[in-house]
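Single-letter residue listing:
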Amino acid sequence: MADSGNGTGLVLADFDGEGFQDYFLAKGGFAPEGESSRFFRNRGDGTFEDRSAAAGLDALQSSYAGVAGDYDQDGALDLYVSRFRGQFNSLYHNEGSGRFADLSREKNIVSYFRASGGSAAFADYDEDGDVDLYASVYGDYDLFYANEGEGIFASRQVGDQRNAVGVAPGDYDADGDLDVYVVNVDGRSGLYRNELESHSFVDVAAQAGVENLAQGTGCAFGDYDADGDLDLFVSNGFSPGRVYMNYGDGTYTDQARAYGMDAATRSRGVMLGDYDADGDQDVYVVNEGSPNFLYRNGGSQAHWLQVAVEGVESNRDGIGTRLYAFAGGRRYTGEVNGTAGMSHSSRAVHLGLGASAHLDSLVVRWTNGQVDTYQGVAADGLLRLVEGQKMTAVEQTLPAPAFSLAPNYPNPFNPTTAIEFSLAEAALVRLVVYNSLGQPVRQLLDQTLEAGGHRAMWDGRDGRGRPQASGVYFCRLRSGDRELVRSMLLLR
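Residues numbered from 1 in each chain as written. Predicted model: local features only at pLDDT ≥ 70, side-chain atom pairs only at ≥ 80, totals over all residues. Heavy atoms only, no water.

Student: Please clarify how the overall build of the protein should be interpreted in this entry.
Tutor: For the protein, the helix and strand inventory stands at two helices and 39 strands. What you see for the protein is a C-alpha radius of gyration of 23 Å, in line with the 23 Å of a compact globule of 492 residues. Across its three principal axes, the protein shows a C-alpha extent of roughly 70 × 50 × 50 Å. The 492 residues of the protein split such that 54% are buried. Sequence separation of at least 24 residues holds for 49% of the intrachain contacts in the protein that already meet a minimum separation of 6. About 19900 Å² of surface is accessible on the protein, with carbon and sulfur atoms providing 49% of the total. Between the centroid of the 39 positive side chains of the protein and the centroid of its 70 negative side chains there is a distance of 8 Å. (Helix = DSSP H or I, 4+ residues; strand = E, 2+ residues; numbered from the N terminus. Rg over C-alpha atoms; globule rule 2.2 N^0.38 Å. Buried < 20%, exposed > 50% of the residue type's maximum accessible area, 1.4 Å probe, protein only. Contact = heavy atoms within 4.5 Å. Areas by Shrake-Rupley, 256 points an atom, 1.4 Å probe, with all protein chains shown as cover. Lys, Arg positive; Asp, Glu negative; His and termini not counted. Charge placed at Lys NZ, Arg CZ, Asp CG, Glu CD.)

Below, the structure written as structure tokens:
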């Protein structure tokens, strides 16, 4: 696996269906321009075999990014590769014999010669059962390739002429279809709401509060607080990143400072995954010229479910598989994908379920059209699904929360922190902040709440809006004759 460097994009996927992750390395995008990309087959014994030339993926090009997806739904993962200005992007069809064929022209994957390709994502965006492709573009309009059937694509422009570097698909508005966030390096990024009726993508970044007026470099969707609404993480090149928390009404607020994720470093990418296997999504940020960041999620009292899939007739990684979870009168949508700008999040689908401890049903739509339905699924565990087979047991199942008060996060904090707690049943709740002398500083809650997980925010001010000094404070949660207390450290 030795390589001389100058790589720009990496794709990990089981291209040969043998159960191991092979990898494609896009090269030649920077100095020196124009190099052969690399393709390595995973032998399954801890070693790799260089199959670049044999696979037909060693073209001398200035490649930038790559993404895997089964656009013709034949069970073998294909590959899209974007390239720098002056060269056309490529759609490589997996021939199923260890070789790939560039079918860009035959499939109508027409790109700009005067602009550079960014990252892209395969998914069934128009909900017609075919796998489409959204391709970001640096220096022109983005391109949406709608699969018209038989693997032939019709292209149309999206957005305006900007300098895009990455995309992240996700159902931010919980309407059942996939929207797209596009991160740009020229001072404004876009959130494109999928409008199925008009067959269009509409930029709602301003209304949603996620324009990110900075030099964006990476983006990733994920339900950080497991409340059922997708939050959004954005990395920036010369300013603090964003942690856009979803209010559930189509709008976001940046909570990077409150979560302690506002370091002003030169970041290049962000991705999500449950590295400590505790059921919530942690955040990894890639930096240039300084150490990378791993942010451990402190968790919440909300319920969740993680789903890992394995295709049989569909591609083995299950890329493009759609999940619909139904619980508490609500539908939760997830897709096996992982595309996160130029980075890649975990392909295990994380579904935040809020107060729902059980699913009414889980519907899995595989890329070949097969639909599997599962009943009686409990929350708070990892579910492994194999196409066409019965559900395996949920692993790592956690007990449903009772009356509890979690440690605030971030802690220490300045000036805002989140206080999460859970109720076993509906009850009158009082949540009050005290100083180290035992004097009440701020009453945050005094109301009846439903059973389940809840969260309150404290901005470091008293009841009159006056900022409080650095020091130790205590939050006290009281319900009936039960009481819990946690300490908090405010550092100005």
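Student: In this structure, what is going on with the sheet that holds strand 32 (residues 382–386)? I would like to understand it.
Tutor: Pairing between the strands of a sheet comes from backbone hydrogen bonds, and it takes one of two forms, parallel or antiparallel. Across the sheet, three strands lie side by side as 29-24-32; this open sheet has mixed pairing. Each end of this open sheet is capped by a strand with a single partner; those strands are strand 29 (349–354) and strand 32. Neighbouring strand axes in the sheet, compared pairwise and without regard to direction, differ in orientation by 25° on average. The sheet contact formed by strand 24 (residues 303–310) and strand 32 spans five bridges and is parallel. (Pairing = 2+ DSSP bridges. Axes fitted to C-alpha atoms, helices over the stretch in contact; angles between N-to-C directions.)

Student: I keep staring at the nonpolar core and nothing clicks. Help me out?
Tutor: One recurring pattern in soluble globular proteins: nonpolar side chains tend to sit buried together. Ranked by size, the top nonpolar core spans 21 residues in total, and within it Tyr181, Leu191, Val210, Phe221, Leu232 and Tyr252 carry the most contacts. Counting residues per element, the ones that place at least two in this core are strand 7 (63–69), strand 13 (153–170), strand 14 (179–184), helix 2 (205–208), strand 17 (216–222) and strand 18 (231–236). When neighbours within four sequence positions are excluded, Val210 is seen to be in contact with Tyr181, Ser189, Leu191, Ala205, Leu232, Tyr244 and Tyr252. (Core = buried A, V, L, I, M, F, W, Y, C linked by side-chain atoms within 4.5 Å.)

Student: Got a minute to help me understand the sheet that holds strand 20 (residues 252–254) in this structure?
Tutor: Across the sheet, which stays open at both edges, the four strands sit in the order 17-18-19-20 with antiparallel pairing between neighbours. Across the chains shown, the open sheet's two edge strands, defined by having one partner strand only, are strand 17 and strand 20. Averaged over all pairs of adjacent strands, the angle between their axes in this sheet comes to 20°, without regard to strand direction. With three bridges joining them, strand 19 (residues 242–246) and strand 20 adopt antiparallel strand pairing. Its bridge partner lying in strand 20, Tyr244 is registered against Asp254.

Student: Explain the pairing of strand 19 here, please?
Tutor: For a regular strand, side-chain orientation follows a simple rule: the groups alternate between the two sheet faces. Buried residues dominate strand 19, accounting for four of its five residues. Pairing analysis gives three bridges linking strand 18 to strand 19, with the strands arranged antiparallel. Within the sheet, the bridge partner assigned to Val234 lies in strand 19 and is Arg242. Taking the residues between adjacent antiparallel strands as the criterion, strand 18 and strand 19 are bridged by five residues. With antiparallel pairing between neighbouring strands as the criterion, strand 19 and strand 20 make up a hairpin whose turn holds five residues, including Gly248 at a positive phi of roughly 90°.

Student: Explain the packing of aromatic side chains here, please?
Tutor: The geometry of an aromatic ring pair comes down to the distance between the two centres and the angle between the two planes. One pass over the full model with this rule turns up 17 aromatic pairs. Three or more aromatic residues link up through ring pairs in this structure, and these residues are Tyr125, Tyr134, Phe144 and Phe201. One Lys or Arg, Arg482, reaches over the ring of Phe403 and ends 4.7 Å from the middle of that ring. (Phe/Tyr/Trp six-rings, centres within 6.5 Å; stacked < 30°, edge-to-face > 60°. Lys NZ or Arg CZ within 6 Å of the ring centre and 35° of its normal.)

Student: Would you take a moment to explain the pattern of salt bridges for this structure?
Tutor: A side chain with one charge may pair with a side chain of the opposite charge, provided their charged atoms come close. Counted according to the given criterion, the structure contains 30 salt bridges. The partner of Arg296 in a salt bridge is Asp278, and the shortest N-O contact between them spans 3.7 Å. Residue Arg296 is found in the loop between strand 23 (293–295) and strand 24, and its partner Asp278 is found in the loop between strand 21 (267–273) and strand 22 (282–287); the two are separated by 18 residues along the sequence. Of the residues examined, Asp278 reaches a relative accessible area of 25% and is grouped as partly exposed. (Salt bridge = Lys/Arg side-chain N within 4 Å of Asp/Glu carboxyl O.)

Student: Looking at this model, I keep getting lost on a nonpolar patch on the surface. Mind explaining?
Tutor: Residues Tyr275, Tyr284 and Leu294 make up a contiguous nonpolar surface patch of about 300 Å² in total accessible area. You can see Tyr284 is positioned in strand 22. For Tyr284, a relative accessible area of 32% corresponds to the partly exposed category. (Patch = residues over 30% accessible without salt bridge, like charges linked within 9 Å, V, L, I, M, F, W, Y side chains within 5 Å.)

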